[in-house]
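Chains, contacts and geometry: an overview
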Amino acid sequence: MADTIEQLAEKIGGLAGRRVLVRCDLNVPLEDGPGGSEDRVVTDDGRIRASLPTLTKLSRAGARVLVLAHLGRPAGAPDPAYSLRPAAERLAELADFSVGLATDTVGPSAQAMAAAAADGDVVVLENVRFNPGETSKDDAERRAFAAQLAALGDAFVSDGFGVVHRKQASVYDLAQLLPHAMGDLVAAEIDVLERLTETPERLYAVALGGSKVSDKLGVIDNLLGKADRLLIGGGMVFTFLAAQGHEVGKSLLETDQIPTVLGYLDRARAEGVEIVLPTDVVVADSFGDESSARVVAADAIPAETLGLDIGPASGAAFAAALADARTVFWNGPMGVFEQPAFAEGTRAVAQALTGVTAAGGLSVVGGGDSAAAVRTLGFADDAFGHISTGGGASLEYLEGKELPGLTVLGE
Ligand code: ADP
Ligand code: MG
């Protein structure tokens, strides 16, 4: 079992005055502000809010907290477009502790701010992915960067749930170099995932959508042995429709996955898992073209169009298929929810999850875009049992894979 923050505190003789490196997930969606791309603002601060309990606990215990986080996928070098500044500014607004921002991760700015931090201060170090060692596949290069990080602190707390499936320097290697603990967010996320995998209350329904088709096909394999009902929407549904022999036009399609999908459909039949696919689809002439949006039958998608949402009949059918569930896990928007013309399928599924919560069941939303979707569509966080901060990490956990960032903590 991984140590808790309290157990770590005991091991190192208290947290007051100690420099504690905390890996957080501050990878929030941004949009350009009034000053353009150098002045970006946070559009969904869910991950920042979710980081607050651990940071507040450490600050109140008198630790000098150094936050490690990434934003987006910069190319291993500093890039102002991926600065953590907007996230750090939002954290400062939400927090009751002082928040500083270093202009580098392990360089002179980070070193000076780490040295100057007072008890209870929180300093966000600049994007860990500005350093090639963070995501390097070369163990030695990753370890060398982790050693530079370790030199800044006395202990490490892993609280970036969204990255625990990554074997990266600030997630994995750093834990091997310092006394470490699992943060409260990671502990809370795992608690919910255990409830989904160990003895889920039946009926257990899973809804999957989003755009990363091959990422999400893997989870189906494991869920076929666990869930009672599987609803498929989003970009991945077109590989299912194609597997059934339908034309999918210019929709997202992974032809090479068709045999896999056919295998899943066979297994679902054999294991008595009900697969729910859309019967109608909202299509458009080109990606995001709302003016050409129209509803067609799922088995009659015109060749020159692409599917961008499940249709209204399917939205109602999906909601009905979730209404009698006691446990629901949902990952991936049903359509391109960022545009109102393609958001109704996602709204219908989100609404159905709130009904499950209201009836006393457990509803879990996983995935960064899914979390952003429920918030932009106006749902309150507490209408759901849990909104996970990690899409990839929760999927890999549900796939039964080992997560390097948890294993290294002793979990
Ligand atoms: P999450 O972050 O919740 O795990 P993903 O990153 O897999 O979800 O997918 C989110 C994206 O999927 C959204 O930006 C949405 O626009 C896109 N999407 C959903 N349905 C479709 C579709 N039919 N075609 C293309 N993109 C889609
Ligand atoms: Mg996403």
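Residues numbered from 1 in each chain as written. Chains lettered and ligands numbered in written order. Predicted model: local features only at pLDDT ≥ 70, side-chain atom pairs only at ≥ 80, totals over all residues. Heavy atoms only, no water.

Turning our eyes to something else, we now look at the site of ligand 1. Of all residues adjacent to ligand 1, which total 23 residues, the nearest are Ser 211, Lys 216, Glu 338, Asp 369 and Ser 370. In the environment of ligand 1, an oxygen atom lies 2.7 Å from a nitrogen or oxygen atom belonging to the side chain of Lys 216. One of the backbone N or O atoms of Gly 368 is found 3.4 Å from an oxygen atom in ligand 1. In isolation ligand 1 has 580 Å² of accessible area, and contact with the protein removes 91% of it. (Near = heavy atom within 4 Å. Polar contact = N/O pair within 3.5 Å; in protein donor to acceptor, adjacent residues only side chain to side chain. Areas by Shrake-Rupley, 256 points an atom, 1.4 Å probe, with all protein chains shown as cover.)

Once that is clear, we can look at a positive patch on the surface. Residues Arg 73, Lys 137, Arg 166 and Lys 212 make up a contiguous surface patch of positive charge. Take Arg 166: it is sitting in the loop between β7 (155–158) and α6 (169–173). Judged by its relative accessible area of 33%, Arg 166 is partly exposed. (Patch = residues over 30% accessible without salt bridge, like charges linked within 9 Å, V, L, I, M, F, W, Y side chains within 5 Å. Salt bridge = Lys/Arg side-chain N within 4 Å of Asp/Glu carboxyl O. Lys, Arg positive; Asp, Glu negative; His and termini not counted. Charge placed at Lys NZ, Arg CZ, Asp CG, Glu CD. Helix = DSSP H or I, 4+ residues; strand = E, 2+ residues; numbered from the N terminus. Buried < 20%, exposed > 50% of the residue type's maximum accessible area, 1.4 Å probe, protein only.)

In this structure, Leu 21, Leu 125, Ile 220 and Phe 240 are the most contacted members of the largest nonpolar core, which totals 74 residues. For this core, the element with the most residues is helix α9 (residues 237–243), which contributes six residues. Not counting residues within four places of it along the chain, the set of residues in contact with Ile 220 comprises Leu 208, Leu 230, Ile 232, Met 236, Phe 240 and Tyr 264. The next biggest cluster of nonpolar side chains, apart from the first, holds 32 residues, and it includes Leu 8, Val 22, Ala 87 and Ala 181. (Core = buried A, V, L, I, M, F, W, Y, C linked by side-chain atoms within 4.5 Å. Contact = heavy atoms within 4.5 Å.)

Attention now goes to the pattern of salt bridges. One pass over the structure, following the stated rule, counts 28 salt bridges. Notably, a salt bridge pairs Arg 18 with Asp 154, separated by 3.8 Å at the nearest N-O pair. With Arg 18 in the loop between α1 (5–11) and β1 (19–23) and Asp 154 in the loop between α5 (139–150) and β7, this pair connects stretches of sequence that are 136 residues apart. Judged by its relative accessible area of 25%, Arg 18 falls in the partly exposed class.

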